[in-house]
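# Residue-level structure breakdown
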Amino acid sequence: EAESSNLASESDQKEGNTVETEKPFFYSVDDGMSGIEENDIEIQKELLDIKLIQLVVRKNGTALLNAYFQSIQDGIFPNEETVQAIAEFFMSSEDEDTLEILYRRSPATFIHRNHFYLEASKIRLRTILQKWQSEDEKLQAWQDITKFYNLVLKEQKEDLIDISTADNIVRKCRQICKLFIEDNLLQEKPFLAELRREALNLTLEHRDVYLLLALWEALFFSTKFEHQEKADKLVEELPQLVQFMKIEPVIERAEKYGKEELFRKLIEVNLSHNGTDYNKSRSFEALLNYLTLHGRVKAGYNTINTAKALNIRITSDYMADFLEMCKARPPIGQTQGFLDVFRSMFRKRDS
């Protein structure tokens, strides 16, 4: 209790919170909640919630910490709304250290303590984002975010934080990491080696390939030839990456760029490095869709033939769209041949 009081006092002095002597309110924490029957836990909880909320309103951080730690020592826990109010109170003053203490010293069985971890994480992530704004601190910001990402995965694995809380923070880390990677490639002097090193470390330690795939994607879509070469080299060195590729967002991005070569390169990557059957199928469908939209009958016909030869499935929706386009713009001398192929593919599936 003395330790928590000292920590609270230091926290309030640092952040400028008002420190005042706690006034009696319904009961005194120190007297063991005298006057209230011990078996009436719900009443004790309600009174505790009222007390803690009042201390939040008073902005009395020292008394708030003392009351909270004493209550959990007595086995009385506040409700979720109260915990959230306490977390937001210390978050408003960017007091990451106190939030960390609140989380670590709350019992693991008290699920609402996750609010403390989440709010502390928001402060840390906000600090990292601010650091990225400085040209001189971009590398440090990248190292900080990957270190924190690594820490969250490690603590989740050790059951120090629950899966839901870890997943929430990991999603935010991934968003920020992807932002940093994309932005760094636009810089005059990107630190590609550092991006790759930290992404690879995360994969080796936690089997998390998200950052490596984000790096590959950024290099793949870059307009700089040397970046595109590095994308090719990355999957050549780590061909198993292609099997973990989330193909849908890659296709969506390729469609926004609207370049045929991107769809063809995506097919090449999946064929060369043993992409999943689904990814191969979606790569061919994406190219066929592009060719359909641009009235490329002959190229679409060749794409369908290639997929058929490789036993790669193109679903009926894409085939039907292409057929409709072909009826309006058939390639000379190939209309009947295409229709025969089209019908044969459906007869094969029906059988």
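Residues numbered from 1 in each chain as written. Predicted model: local features only at pLDDT ≥ 70, side-chain atom pairs only at ≥ 80, totals over all residues. Heavy atoms only, no water.

## Overview of the overall build of the chain
Along the chain, the regular secondary structure elements total 17 helices and zero strands. Pairs at least 24 apart in sequence give 68% of the contacts found in the chain among residues at least 6 apart. (Helix = DSSP H or I, 4+ residues; strand = E, 2+ residues; numbered from the N terminus. Contact = heavy atoms within 4.5 Å.)

## What to know about the packing of helix H2 (residues 41-58) against helix H4 (residues 80-92)
The interhelical angle for the contact between H2 and H4, taken along N-to-C directions, is 20 degrees, at an axis separation of 10 Å. Classified by the angle between their axes, H2 and H4 sit roughly parallel to one another. As for the relative orientation of H2 and H4, their crossing is left-handed in sense. Listed contacts from H4 to Asp49, Leu52, Ile53 and Val56 of H2 are Thr82, Ala85, Ile86 and Phe89. Here the contact of H2 with H4 is composed, by residue class, of six nonpolar, one polar and one charged. (Axes fitted to C-alpha atoms, helices over the stretch in contact; angles between N-to-C directions. Parallel < 35°, antiparallel > 145°, perpendicular 65-115°, else oblique. Left-handed = near helix turned anticlockwise from the far one by under 90°. Nonpolar A, V, L, I, M, F, W, Y, C, P; charged D, E, K, R; others polar.)

## A few points about empty space enclosed by the protein
Throughout the structure, instances matching the rule amount to one cavity of 30 Å³ or more. Contributing to the lining of the largest cavity are Glu96, Glu100, Arg104, Tyr117, Ala120, Ser121, Arg124, Phe148, Leu151 and Glu155. Every element with two or more residues in the lining of the largest cavity is listed here: helix H5 (96-105), helix H6 (114-132) and helix H7 (138-157). Element by element, the count of residues in the lining of the largest cavity is highest for H6, at four residues. A per-class count over the lining of the largest cavity returns four nonpolar, one polar and five charged. (1 Å grid on protein atoms, 1.4 Å probe; cavity = no way out; pocket = protein on both sides within 12 Å on 5 of 7 lines; lining within 4 Å. Points joined across faces, edges and corners; volume = space filled by probe spheres on them.)

## Focus: the nonpolar core
In terms of nonpolar packing, the biggest core is built from 95 residues, with Trp142 and Trp216 touching the most fellow members. When residues of this core are assigned to their parent elements, the largest contribution, ten residues, is made by helix H10 (residues 210-221). Setting aside chain neighbours within four positions, we find Trp216 in contact with Ala231, Leu234, Val235, Met245, Val250, Leu266 and Val269. (Core = buried A, V, L, I, M, F, W, Y, C linked by side-chain atoms within 4.5 Å. Buried < 20%, exposed > 50% of the residue type's maximum accessible area, 1.4 Å probe, protein only.)

## A short note on the layout of surface pockets
One number sums up the size of the largest pocket: a volume of about 540 Å³. Considering the residues around the largest pocket, the lining is formed by 22 residues, among which Val209, Tyr210, Leu213, Leu241 and Phe244 are closest to the centre. Sorting the residues of the lining of the largest pocket by element identifies helix H8 (163-185), helix H9 (192-206), H10 and helix H12 (247-257) as the ones contributing at least two each. Ranked by residue count, the leading element in the lining of the largest pocket is H10, at six residues. A per-class count over the lining of the largest pocket returns 14 nonpolar, two polar and six charged.

## A short note on unusual backbone geometry
Most peptide bonds adopt trans geometry, and most residues besides glycine take a negative phi value. At Glu94, a position not held by glycine, the phi torsion is positive, near 55 degrees. Positionally, Glu94 belongs in the loop between H4 and H5.

## Remarks on the packing of aromatic side chains
If you walk through the whole model with that rule in mind, you get eleven aromatic pairs. Taking the centre distance of 5.3 Å and the plane angle of 35 degrees together, the rings of Phe263 and Tyr290 count as tilted. Of this pair, Phe263 sits in helix H13 (residues 260-272) while Tyr290 sits in helix H14 (residues 277-293), placing them 27 residues apart in sequence. In this structure, Phe263 and Tyr290 share a single accessibility class: buried. The ring of Phe69 carries the charged tip of Arg105 above its face, separated from the ring centre by 4.4 Å. Between Arg113 and the ring centre of Tyr103, over which it is positioned, the NZ or CZ distance is 4.0 Å. (Phe/Tyr/Trp six-rings, centres within 6.5 Å; stacked < 30°, edge-to-face > 60°. Lys NZ or Arg CZ within 6 Å of the ring centre and 35° of its normal.)

## Description of H13
Helix length check: H13, at 13 residues, gives a terminal C-alpha distance of 18 Å against a target of 18 Å (1.5 Å per residue), a fit within 8%. Looking at H13, one finds that the buried residues are Glu260, Leu262, Phe263, Lys265, Leu266, Ile267, Val269 and Asn270. Packed against the buried residues of H13 are H10, helix H11 (225-237), H12 and H14. Looking one or two residues beyond H13, the residue adopting positive phi is Asn274, at roughly 55 degrees. (Expected span 1.5 Å × (residues − 1).)

## Looking at the pattern of salt bridges
One pass over the structure, following the stated rule, counts 19 salt bridges. Ionic pairing is found between Lys138 and Asp183, a salt bridge with its closest N-O pair at 3.6 Å. Pair noted here: Lys138 is in helix H7 and Asp183 is in helix H8, with a separation of 45 residues, a long-range link. A relative accessible area of 7% means that Lys138 is categorised as buried. The salt bridge partner of Glu217 is Lys178, with a shortest N-O separation of 3.4 Å. Of the two residues, Glu217 is situated in helix H10 and Lys178 in helix H8; the sequence distance between them amounts to 39 residues. Residue Glu217 is classed as buried on the basis of its relative accessible area, which comes to 10%. Put simply, Lys178, Glu182, Glu217 and Arg253 are held in one network by salt bridges that share partners. (Salt bridge = Lys/Arg side-chain N within 4 Å of Asp/Glu carboxyl O.)

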